[in-house]
Amino acid sequence: MLRVSIVKGKDRKENIKRAISLIEKDIAKAIRTKKSKKLFIKINAIDSNFPLACTHIEALESVLDVFYEKFKEIVVGDNTFVFTKNKGGPYNKILRKFPKVEFSDLTEFESEDINFKKINRKISVSEVSLLPRKVFTISLALPKTHDTFVYTGCLKNMFGCVIKNRESLHAMNLYDRMFLNKYTRGNQLKWQNLIEVIEKTKPDLCILDSYEGMEGDGPMFGTKVHLGLAMCSLDGIVLDKIAAKICGFNNIPYLLLLSNKNQKDTEIVKEGFNSINEISKKFKPHYNYKY
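Overview of the structure. As the structure is a prediction and not an experimental result, all values here were calculated from the model. (Residues numbered from 1 in each chain as written. Predicted model: local features only at pLDDT ≥ 70, side-chain atom pairs only at ≥ 80, totals over all residues. Heavy atoms only, no water.)

## Some thoughts on the nonpolar core
Core analysis: the biggest nonpolar cluster contains 51 residues, and Ile6, Tyr151, Met231 and Tyr254 have the highest contact counts within it. Take this core: its biggest share by element is seven residues, from helix H8 (residues 236-246). Apart from the residues lying within four places of it in its own chain, the contact partners of Tyr254 are Phe149, Tyr151, Thr152, Gly153, Lys156, Trp191, Leu194, Ile195 and Ile198. In terms of nonpolar packing, the next biggest core, distinct from the first, is built from 39 residues, Ile31, Leu39, Ala59 and Phe67 among them. (Core = buried A, V, L, I, M, F, W, Y, C linked by side-chain atoms within 4.5 Å. Buried < 20%, exposed > 50% of the residue type's maximum accessible area, 1.4 Å probe, protein only. Helix = DSSP H or I, 4+ residues; strand = E, 2+ residues; numbered from the N terminus. Contact = heavy atoms within 4.5 Å.)

## Considerations on the side chain of Thr148
One can find Thr148 in the loop between strand S8 (144-146) and strand S9 (150-152). There is a polar contact of 3.5 Å between the side chain of Thr148 and the side chain of Asp147. (Polar contact = N/O pair within 3.5 Å; in protein donor to acceptor, adjacent residues only side chain to side chain.)

## Focus on the pattern of salt bridges
Tallied over the full model, the rule gives 15 salt bridges. A salt bridge links Lys200 to Glu112; the nearest nitrogen and oxygen atoms lie 2.9 Å apart. Taken as a pair, Lys200 in helix H7 (residues 187-200) and Glu112 in strand S5 (residues 111-117) lie far apart in primary sequence, 88 residues in all. Overall, Glu112 belongs to the partly exposed group, its relative accessible area being 23%. One network of salt bridges, with partners in common, ties together Arg12, Asp209, Glu212 and Lys224. (Salt bridge = Lys/Arg side-chain N within 4 Å of Asp/Glu carboxyl O.)

## Some thoughts on helix H3 (residues 57-67)
Burial of H3 is extensive: eight of the eleven residues sit out of reach of the surface. Of all the residues in H3, the buried ones are Ile57, Ala59, Leu60, Glu61, Ser62, Val63, Leu64 and Phe67.

Structure follows, in structure tokens:
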């Protein structure tokens with residue numbers, strides 16, 4: 001039986017630690033199965049100038065509090081200029097408490113080609129890091145609305161493991177994305193391209209820091225929504241589907257396509273609330289939602 005823990009509380013860090021503890025036996029088994037002494041925490045560090053759009057440093061600290069002594073090596077990263085240019089930026093302060101943590105834009109690790117389909121029937125060859133397949137990997141993200149994919153959480157976060165030709169995910173160039181007829185023609189290809197990334201970078205553990213989320217013009221320019229939640233599961237598909245529903249979205253195409261291939265019985269382990277309806281809020285979608 002697959003388990004998803006959801007905790008509601010008044011403290012971000014404690015929520016995350018409690019969510020982890022509620023399925024700690026499942027996590028311990030997954031760590032033993034992976035047989036890796038190295039941990040990779042894939043955070044969402046899209047742009048540190050927009051802190052609401054990024055993994056909160058307290059969320060990272062709480063995860064490190066739990067897992068720091070369980071692994072000999074720990075990599076924290078994302079393929080964004082927070083790590084390519086700023087060498088960790090605002091996350092650097094965690095090194096005082098967790099000195100063995102290494103920051104990375106993932107380009108120094110082994111990678112493989114990934115083919116993204118485009119609307120002109122061509123293929124764009126990109127590269128994706130193999131790190132999530134080699135070591136125990138945690139996707140530590142937050143729930144946000146998105147201009148192209150409606151909702152993003154732990155699985156879309158893994159797109160940050162693509163280290164070359166990232167823009168090709170959208171099946172067209174940036175200029176063509178301005179035209180709605182082309183934008184909508186590319187939908188099926190965009191969803192399939194993202195699924196390809198997710199299947200190549202599947203995290204071993206997903207932790208969604210839902211203390212705050214973003215609605216409206218996500219994934220960067222939206223506004224804050226307070227939820228007061230933390231979620232944790234070994235299965236990102238199930239976790240993200242539940243999280244999307246909590247945010248008011250029942251139809252997330254890439255999640256529906258993934259779940260059709262991965263149907264599993266699920267148990268929700270709750271703390272601090274009684275029902276999903278009690279913790280749900282209807283997020284305002286991105287203005288391109290209808291397309």
